[in-house]
Amino acid sequence: MNTLAEPAGTVRILQVGGMSCASCVAHVEKALLKVEGVQAASVNLATETATVTAASAVGFAQLAEAVAKAGYEVRRDALDFDIEGMSCAACVGRVEKVLKRVPGVVDASVNLAARSAHVETAGGVAPAALIEAVKKAGFGARPRAEVSESRRAADAAAEERQLQRAVWLAVVLTLPVFVLEMGSHLIPAMHDWVMATLGHQQSWWLQFALTSAVLFGPGLRFFQKGVPALLRGAPDMNALVALGTSAAWCYSVVATFAPGLLPAGTINVYYEAAAVIVTLILVGRLLEARARGRTSEAIQHLLRIQPRTARVVREGGVQELPIEEVAVGDLIELRPGEKVAVDGEVVSGSSFVDESMITGEPLPVEKRTGAQVVGGTLNTRGALTFRATKVGADTVLAQIIRMVETAQGAKLPIQALVDKVTMVFVPVVMGVALLTFLVWLAFGPAPALTFALVNAVAVLIVACPCAMGLATPTSIMVATGRAAQLGVLFRQGSALQVLRDAEVVALDKTGTLTVGRPTLTDLVPAPGFARDEVLALVAAVERRSEHPIGEAIVAAARAAGLTLAEAEDFEASAGHGVRARVAGRRVDVGADRLMRSLGHDPALTSTFAAEAERLGDEGKTPLYAAIDGRLAAIIAVADPLKPTSAQAVQALHAMGLRVAMITGDNARTAHAIARQAGIDEVVAEVLPDGKVAALQKLRAGGGGKPRRVAFVGDGINDAPALAEADIGIAIGTGTDVAIESADVVLMSGDLAGVPRAIALSRATLRNIRQNLFWAFAYNSALIPLAAGVFYPAFGALLSPVFAAAAMSMSSVFVLGNALRLRRFHAPGGAA
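This structure is a prediction, so every number in the text was calculated from the model and none was measured.

**Focus: the overall build of the protein**
In terms of regular secondary structure, the protein is built from 29 helices and 30 strands. Burial analysis of the protein (831 residues in total) assigns 51% to the buried set. Intrachain contacts of the protein at a sequence separation of at least 6 include 68% that bridge at least 24 residues. For the protein, the exposed area adds up to about 36200 Å²; of that, 58% sits on carbon and sulfur atoms.

**Some details on the packing of helix α23 (residues 645-654) against helix α27 (residues 753-787)**
The contact between α23 and α27 brings their axes to 8 Å, and the two run at 25 degrees. As judged from the angle between their axes, α23 and α27 are roughly parallel. From α23, Ala648, Ala651 and Leu652 reach across to α27, where they touch Val754, Pro755 and Ile758. Tallied by class, the residues present in the contact of α23 with α27 amount to six nonpolar, no polar and no charged.

**Re unusual backbone geometry**
Residues Ala446 and Pro447 are joined by a peptide bond in cis, for which omega reads -10 degrees. By the secondary structure assignment, Pro447 is in the loop between α14 (415-443) and α15 (448-462). The phi dihedral of Asp569 is positive, around 55 degrees, even though this residue is not glycine. Phi is positive for Asp628, close to 55 degrees, though the residue is something other than glycine. In this structure Asp628 comes out as partly exposed when scored by relative accessible area, which is 42%.

**With respect to the environment of Gly85**
Tracing the chain through its elements places Gly85 in the loop between β5 (77-84) and α3 (89-101). On the basis of relative accessibility, which here comes to 24%, the residue Gly85 falls in the partly exposed class. Residues contacting Gly85, with those up to four places away along its chain left out, are Phe139 and Lys225.

**Regarding the packing of helix α16 (residues 466-485) against helix α29 (residues 800-819)**
Orientation of α16 relative to α29, taken along the N-to-C sense of each, is 15 degrees, at an axis distance of 8 Å. On the basis of their axis angle, the class for α16 and α29 is roughly parallel. Relative to α29, the crossing made by α16 is right-handed. Mapping the contact onto sequence places Cys466, Ala467, Leu470, Ala471, Thr474, Ser475 and Val478 in α16 and Met807, Ser810, Ser811, Val814, Leu815, Ala818 and Leu819 in α29. In terms of residue class, the contact of α16 with α29 is made up of ten nonpolar, four polar and no charged.

**A few points about the pattern of salt bridges**
For side chains of opposite charge, pairing can occur when their charged atoms come near one another. Scanning the model with the defined rule gives 24 salt bridges in all. The partner of Asp588 in a salt bridge is Arg579, and the shortest N-O contact between them spans 3.2 Å. By relative accessible area, Asp588 is classed as buried at 2%. By relative accessible area, Arg579 is classed as partly exposed at 23%. Among the salt bridges present, the one from Glu611 reaches Arg614, with a minimum N-O distance of 2.7 Å. With a gap of three residues between them, Glu611 and Arg614 both fall in helix α22 (residues 606-617), about one helical turn apart. Through salt bridges that share partners, Asp522, Glu611 and Arg614 make up one connected network.

**Regarding the UniProt feature "transmembrane region" (unreviewed entry) in the protein**
UniProt marks residues 166-184, 204-223, 239-262, 268-287, 421-443, 449-472, 772-791 and 797-819 with the feature "transmembrane region" (unreviewed entry), using the numbering shown here. For residues 239-262, the helix share is 79%, the strand share is 0%, and the end-to-end C-alpha distance is 26 Å. With 87% helix and 0% strand, residues 797-819 has its two end C-alpha atoms placed 33 Å apart.

**Some details on the packing of aromatic side chains**
This model, assessed by the stated rule, comprises ten aromatic pairs. With 6.3 Å between their ring centres and 65 degrees between their planes, Phe208 and Tyr271 make a pair best called edge-to-face. Note that Phe208 is positioned in helix α7 (residues 200-215) and Tyr271 in helix α10 (residues 271-295), a separation of 63 residues in sequence. Here Phe208 falls in the partly exposed class, since its relative accessible area comes to 24%. Here the aromatic rings of Trp440 and Phe451 are separated by 5.4 Å at their centres, their planes lie at 20 degrees, and the arrangement is stacked. Of the two residues, Trp440 is situated in helix α14 and Phe451 in helix α15; the sequence distance between them amounts to eleven residues.

**Comments concerning the sheet that holds strand β14 (residues 365-367)**
Spatial ordering of the open sheet is given by β14-β13-β16, a layout of three strands whose pairing is antiparallel. Sheet topology places β14 and β16 (378-381) at the edges, where each strand pairs with a single neighbour. Adjacent strand axes in the sheet meet at a mean angle of 45 degrees, parallel and antiparallel pairs treated alike. Looking at chain direction, strand β13 (residues 351-354) and β16 are connected through three bridges and run antiparallel. Its bridge partner lying in β16, Phe352 is registered against Arg381.

**Examining the side chain of Thr121**
Position of Thr121 among the secondary structure elements: in strand β7 (residues 116-121). Residues within four places of Thr121 in sequence aside, it is in contact with Arg75, Arg76, Asp77, Leu79, Gly104, Val105 and Val106.

**Details of the environment of Arg161**
Residue placement: Arg161 occurs in helix α5 (residues 149-186). Spatially, the C-alpha atom of Arg161 lies 8.8 Å from that of Leu286, the residues being 125 residues apart in sequence.

**Quick word on a nonpolar patch on the surface**
Where nonpolar side chains cluster on the molecular surface, the patch consists of Leu175, Phe178 and Val179 and spans about 250 Å² of accessible area. Position of Phe178 relative to the elements: it lies in helix α5.

**Here we look at the sheet that holds strand β1 (residues 10-17)**
Strand order in the open sheet formed by four strands is β2-β3-β1-β4, and the pairing between neighbours is antiparallel. The sheet terminates laterally at β2 (38-44) and β4 (73-75), the two strands that pair on one side only. Sheet twist, expressed as the average angle between the axes of neighbouring strands with direction ignored, equals 35 degrees. When β1 meets strand β3 (residues 49-54), the two strands line up antiparallel, connected through six bridges. The residue of β3 that forms the bridge with Gln15 is Thr49. Strands β1, β2 and β3 of the sheet are contacted by helix α1 (residues 22-33), whose axis makes an angle of about 165 degrees with β2.

**A short note on the environment of Ala31**
If you trace the backbone, Ala31 turns up in helix α1. A C-alpha to C-alpha distance of 9.5 Å links Ala31 and Glu65, two positions 34 residues apart in sequence. Ignoring sequence-local partners within four residues, the contact set of Ala31 consists of Ala66 and Ala70.

**Overview of empty space enclosed by the protein**
The tally for this structure, following the rule as stated, stands at four cavities of 30 Å³ or more. If you add up the space inside the second largest cavity, you get close to 70 Å³. In terms of lining, the second largest cavity is formed by Ser87, Met237, Ile281, Gly284, Arg285, Glu288, Cys466, Met807, Ser808 and Ser811. Only α10 and α29 provide two or more residues apiece to the lining of the second largest cavity. Classifying every residue of the lining of the second largest cavity by side-chain character gives four nonpolar, four polar and two charged. Formed jointly, the lining of the second largest cavity draws a minimum of three residues from each of two domains, domain 2 (151-310) and domain 4 (397-482 + 759-830).

**Some thoughts on helix α24 (residues 667-677)**
All of the buried residues along α24 are Thr669, Ala670, Ala672, Ile673, Ala674 and Ala677. Those residues of α24 that are buried lie in contact with α18 (509-513), α22, α23, β26 (658-662) and β27 (681-683). Phi turns positive one or two residues past the end of α24, at Gly678, with a value near 85 degrees.

Criteria and thresholds
Residues numbered from 1 in each chain as written. Predicted model: local features only at pLDDT ≥ 70, side-chain atom pairs only at ≥ 80, totals over all residues. Heavy atoms only, no water. Helix = DSSP H or I, 4+ residues; strand = E, 2+ residues; numbered from the N terminus. Buried < 20%, exposed > 50% of the residue type's maximum accessible area, 1.4 Å probe, protein only. Contact = heavy atoms within 4.5 Å. Areas by Shrake-Rupley, 256 points an atom, 1.4 Å probe, with all protein chains shown as cover. Axes fitted to C-alpha atoms, helices over the stretch in contact; angles between N-to-C directions. Parallel < 35°, antiparallel > 145°, perpendicular 65-115°, else oblique. Nonpolar A, V, L, I, M, F, W, Y, C, P; charged D, E, K, R; others polar. Left-handed = near helix turned anticlockwise from the far one by under 90°. Salt bridge = Lys/Arg side-chain N within 4 Å of Asp/Glu carboxyl O. UniProt positions renumbered as here; feature names shortened; annotations may be inferred. Phe/Tyr/Trp six-rings, centres within 6.5 Å; stacked < 30°, edge-to-face > 60°. Pairing = 2+ DSSP bridges. Patch = residues over 30% accessible without salt bridge, like charges linked within 9 Å, V, L, I, M, F, W, Y side chains within 5 Å. 1 Å grid on protein atoms, 1.4 Å probe; cavity = no way out; pocket = protein on both sides within 12 Å on 5 of 7 lines; lining within 4 Å. Points joined across faces, edges and corners; volume = space filled by probe spheres on them. Domains from an automatic or database assignment.

Following this line, the structure appears as structure tokens:
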């Protein structure tokens, strides 16, 4: 009887979007079958899924790329979970491994410091399946969306209180054991007193009772987690502690109650080692929990700055409502000293609002009718009424919190090596401990069994990989939180590492280097004319014009507080200028050709000829004004540099970076702006769709070696360039931060944020390298000492008690070092 063999391989289910007919199904199937290693592909139009059977080596990315080339998309879902019960890097690796094994999971990233997991799926994976997988691995999981940040903080506080109680109980029980045993060894009088009052055997019985209370009371958590992990063949830090302490305890129990089972000369007890190890590790965990709480203070601060209520105008009166009840379109009254409840637009009143908690900029910003206000900012003086435009999860503050949380939960590329090492570290340590025991038992001096036991326990304890798991994520959490306080948002944690390696910073000109709108920069009156007189007359004429140059002149006149008369007989001549009669006076405004048509040649006027040459060198095109037939002033309107741009470029140079500018302006204007800002390279006259090619040219301009390029743009028109660059930095406006193409967003719109972000990136990577060196080098250096390698030459051994203290302090050091980033201040001009 013939049977059709089912193709052997891994089955993957993909969610495919963009299909509309049977032809689409055929195209997708054909594209998938072309991928090397794919054995079968079946596409269902109704469910929009593709079931693919392929060799295990075929990755999701290969399948998604094939579908994309066919003109369709593979959808991804992102799920976030809170993970309970993790204590070290081995736990992280274990949770990631079981999550990635769930069918449909594309990638999983677990963060020990945040106690969270981010899972990307190909669609259709139930959260319950992921939770069950984590549960089977010996940990707990719950969807992160179901737990508010305040609840998370409350849980962390409860965990800290529980650890505090456990530590105090362990200290109270351990202290008598330590005094009885170590005091007798160190102080002869203490030994004599114990022998005379308690007796040798009774002292051991008391130590047995107290140590058992420590191990199976406060220390029971290590056995509850460690023993199941051992039975699953996936040992973690808890397993190492459980093995080490139980070995010391069991040996001591035999020496106490059945000494005849031990060889002569080896009858000793190590109750104090077991009790002190548990106590010191609990102390380390308490300090770790406290420090970990401080790493998320940035999120807590962001949550605290949003007010709980708002004064809403409803039903003809003002009601104070919970923030959750505010709806888009509501009118909200804001008094001096109050916080802005939600994002909105001012409809009446004027004030100055402190936006430093959002943008990092210290100076209050003036708000008048039509201005945007951001939820969480502080109204310093004056009263405002504004209309709510964004509420709940749509507000700027909510977006910032989401970005910071996403960045804090991310993994840097440097973490990949750490993960590989830690997955094999614990089994290797157990092997080293076993080898230590056997070597000392076979070749050690008398009592060999005692030496073998003590040194094996020391190896198990000193090598716990807690610090390894905390080295990278704690630095990321603190750094991204500090960045948010400085108005820098890392949308992806990996941007922290990539930005550090940038060699060239390419800047868009308009809106990035410059203000982004025409501004009156120069007005030089001729002899016999006053500046304000000319500006008032010219602005009165330009008020009738719709040209951006005219708007800039009118804005300057209003800013100077000038009164503008009505213009009559207004005429506009394309390419020449405008003219009108103002208060009985004839006013002509335009280019030099208009002045020549009126009988005036600016080039023949010495004052104006020199000014025109200066303006030309600065990349500005001069305009002229004639009043009552007389040449009255030379005027320039341009898009000026932002006040901090030159300082920011100087700071980038001080950091060893080259700075380039990409602009659509003509070469003369571009080079003039570049001279003012101190820019190294200029790529001018670039069309909007040519910025990607310009970036590629900059990247290849390193003398045969590609350069890493960071591009800084406004995040809207520059989306393709932001995506093409090695790192995209978007200049935000403080009210629009949902910029999907960028890796980093600068909330204030200030270019000084670029060197600030790069300096923080460098400081973070330096901090991570310090942490990793300490975590790996420290453990690696102490393992030989704990194993007794130096005993033959120097007589040096590491007591299990000191091993426990050293291991705990390793984690505390890493956390303390990461917390230094909270005090980060960018150097020099970037500060």
